[in-house]
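A look at the structure
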Amino acid sequence: TYHGRSDMQSMQMLAQLSDLAHMLHAAPEVLARVRAGDTELPVGHPFTLAFHAFLSRHGHRGPKEIDIAAPRWREQPGMLLKILADTPPHTQDGIHGAFLAERDTLNGHLKPWQRWLTSRLANRISHYIALRENTRHQHVFAFDQMRQRVLEIEQTLLSESVLSTPGDIFYLYADEITQLLNSELNPTAAHDLIRARRRERQLLAQQGYAETINVADAETGTETVGDSYAGHTLLTGLCASPGSVEGTARVIFDPGHAHSLQPGDILVAPYSDPAWTPLFVRAAGAIIANGSFLSHAGTVARELHLPCLVDVADCTQRISDGQRLRLNASAGTVELL
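The following refers to the structure shown. (Residues numbered from 1 in each chain as written. Predicted model: local features only at pLDDT ≥ 70, side-chain atom pairs only at ≥ 80, totals over all residues. Heavy atoms only, no water.)

Side note on a nonpolar patch on the surface
On the surface, W113, W116, L117, L121 and I125 cluster together to form a nonpolar patch covering roughly 570 Å² of accessible area. For W116, the position within the fold is in helix α6 (residues 112-159). (Patch = residues over 30% accessible without salt bridge, like charges linked within 9 Å, V, L, I, M, F, W, Y side chains within 5 Å. Areas by Shrake-Rupley, 256 points an atom, 1.4 Å probe, with all protein chains shown as cover. Salt bridge = Lys/Arg side-chain N within 4 Å of Asp/Glu carboxyl O. Helix = DSSP H or I, 4+ residues; strand = E, 2+ residues; numbered from the N terminus.)

A word on the packing of aromatic side chains
Per the stated rule, a full pass over the model turns up three aromatic pairs. Both rings, one in F47 and one in F51, keep their centres 5.8 Å apart while their planes meet at 25°; by these two values the pair is stacked. A residue pair is termed a helical-turn pair when its members lie 3 or 4 positions apart in one helix, as F47 and F51 do in helix α3 (residues 46-58) at four residues. Aromatic pair Y271 and W276: ring centres 5.6 Å apart, planes at 70°, arrangement edge-to-face. (Phe/Tyr/Trp six-rings, centres within 6.5 Å; stacked < 30°, edge-to-face > 60°.)

Examining the pattern of salt bridges
Applying the stated criterion to the full structure yields 14 salt bridges. One salt bridge connects R147 with E75, and the closest N-O pair in it is separated by 2.6 Å. Taken together, the residues R147 in helix α6 and E75 in the loop between α3 and α4 (77-85) connect sequence positions 72 residues apart. Given the relative accessible area of 29%, E75 is considered partly exposed. Salt-bridge contacts for E176 lead to R197; the nearest nitrogen and oxygen are separated by 2.7 Å. Highlighted residues: E176 in helix α7 (residues 174-181) and R197 in helix α8 (residues 187-207), separated in sequence by 21 residues. Judged on exposure class, the residue E176 and its partner R197 are both buried. (Buried < 20%, exposed > 50% of the residue type's maximum accessible area, 1.4 Å probe, protein only.)

Re α3
Every α-helical turn comprises 3.6 residues, leaving residues that sit three or four positions apart pointing alike. The end-to-end C-alpha distance of α3, which contains 13 residues, comes to 18 Å, matching closely the 18 Å that a straight helix rising 1.5 Å per residue would cover. Along its buried surface, α3 packs onto α1 (9-25), α2 (28-35), α4 and α6. (Expected span 1.5 Å × (residues − 1). Contact = heavy atoms within 4.5 Å.)

Below, the structure is given as structure tokens:
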């Protein structure tokens, strides 16, 4: 239903990432430099020009992009280069052809008026799904603009020795930053606030977090994270993209570790954002701890016809890296073999 929209920003970005991967892998000398950790690309090289053009349009995106303290691809292009180096070139021609074949099969079972109505409804649904996904692109752009302004202020405070460490400014509230700029807040008091909040954040990070919210068993009031089925553990979640596949689980917590995901593996991740998108191309299926069927993971998986299950509680803890899985996204289950 949602496949093939040329106006969806996420898929435009994926198509451009695919083109960049093709260009990089077609230039062995540049690929070798990137894999060696060299972020200084050769001046005037076609890949260099295309890469910078991509950053000018999508450089405001990156891992954990709704957190204004998180760096963007534009600021740290090395992390995007690493993803491209680990991303095998691919094409969506076969995927789109399969979609058209499935649509023709469906139409063959419908009467003319039913085909018209189905097509009309599908186009409307597709339009609003794309609209929702594109608003995320624009919202993240606003977050990036906010981050750039905060970084400018931080440079001023660092140059005046009011702050001593880059990144400290993100532990202050907006009114406290203003007070610090206007000398209404003592730098020593600001440092005390920063240290206290940094310690608090470290403690909260150690406690972990709930992977699902308000997902409880109707009778017991407890979250359902696993069951037994034919002697195997069965996890459940929401179907974001239908289909079933059996393969090896690859538990990844950072998209920078994309090299560990081999073609045919099933991606298991705590969440998904645009930095994870290239991994979906290589995976045979995806199991995501956080998100809904309208999340970024679901949108990309549907476009790629990739079985995807989201809101799978504790999946990154209950599934071991390298474990054999049977993912039935259509049924909303993951069987640990």
